[in-house]
Amino acid sequence: MLDSFAAGGLDKNSLISYLVKGRSLMFLYSLSWIAIFILSISYWFQIWKIHVHKEVRDISLTYNLLLAIGFGILGFTAYDERSLIFFVKQISTTIPVIIIVFQVIYHRDEHWKDTIGKKCEGCSKQLERRWKFCAHCGREAE
Ligand SMILES: [Zn+2]
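Keep in mind that what you see is a predicted model, and the values were worked out from it rather than measured.

Student: What exactly am I supposed to notice about the overall build of the chain here?
Tutor: Tallying secondary structure elements over the chain gives four helices and zero strands in all. Secondary structure elements in the chain, listed N-terminal to C-terminal, are α-α-α-α. The C-alpha radius of gyration computed for the chain amounts to 26 Å, which surpasses the reference 14 Å derived for 142 residues by more than 25%, pointing to a less compact arrangement than a globule. Expressed as lengths along the three principal axes of its C-alpha atoms, the size of the chain is roughly 90 × 30 × 25 Å. The buried share among the 142 residues of the chain stands at 12%.

The following block contains the structure:
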């Protein structure tokens with residue numbers, strides 16, 4: 001395309017379509033970087049939530065561990081393919097997921113301190129209001 005343009009053999013219409021195609025590719029490329037930023041920042045909202053509430057009971061360690069491993073491996077693939085955008089995406093999602101894994105491990109014994117909640121008569125751990133059975137020892141809630 002550029003060669004024929006340089007040689008003067010390019011007509012006006014193909015120059016316009018070349019520029020339009022280039023612009024839409026630039027637009028798509030910019031959108032992709034924005035998407036990477038959004039994806040990366042979404043994990044930091046989760047990290048902040050865990051940091052504030054220290055409650056990780058409902059967050060799956062396995063899920064985040066597998067994500068971290070998968071993202072990490074694809075980071076090497078991206079490096080091998082010399083794809084900057086793919087590489088940045090993998091790094092910017094792998095790091096927060098690893099942090100979440102450590103948060104889940106660090107806070108695994110912390111729970112909401114709900115003062116109005118009942119306690120289990122079997123193991124004296126906190127019961128959620130809707131529980132029919134204790135999640136810790138299996139005893140039926142009164
Ligand atoms: Zn119990």
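And the narrative resumes.
Student: How do you make sense of the domain arrangement of the chain when you look at a structure like this?
Tutor: Quite often, the size of an interface is put as the accessible area lost when its parts meet. Segmenting the chain into domains produces domain 1 (2–107) and domain 2 (112–142). Centre-to-centre separation of domain 1 and domain 2, based on C-alpha positions: 42 Å.

Student: For this particular structure, what's the right way to read the nonpolar core?
Tutor: It is characteristic of soluble globular proteins that their nonpolar side chains tend to be buried jointly. By size, the foremost hydrophobic cluster in this structure holds five residues: Tyr43, Ala68, Val97, Ile100 and Val101. With three residues, the single largest contributor to this core is helix α4 (residues 84–106). Residues within four places of Ile100 in sequence aside, it is in contact with Tyr43, Gln46, Ile47, Ile50 and Asn64.

Scoring rules and cut-offs
Residues numbered from 1 in each chain as written. Predicted model: local features only at pLDDT ≥ 70, side-chain atom pairs only at ≥ 80, totals over all residues. Helix = DSSP H or I, 4+ residues; strand = E, 2+ residues; numbered from the N terminus. Rg over C-alpha atoms; globule rule 2.2 N^0.38 Å. Buried ≥ 20, exposed ≤ 12 C-beta atoms within 10 Å, placed from the backbone. Domains from an automatic or database assignment. Core = buried A, V, L, I, M, F, W, Y, C linked by C-beta atoms within 7 Å. Contact = placed C-beta atoms within 7 Å.

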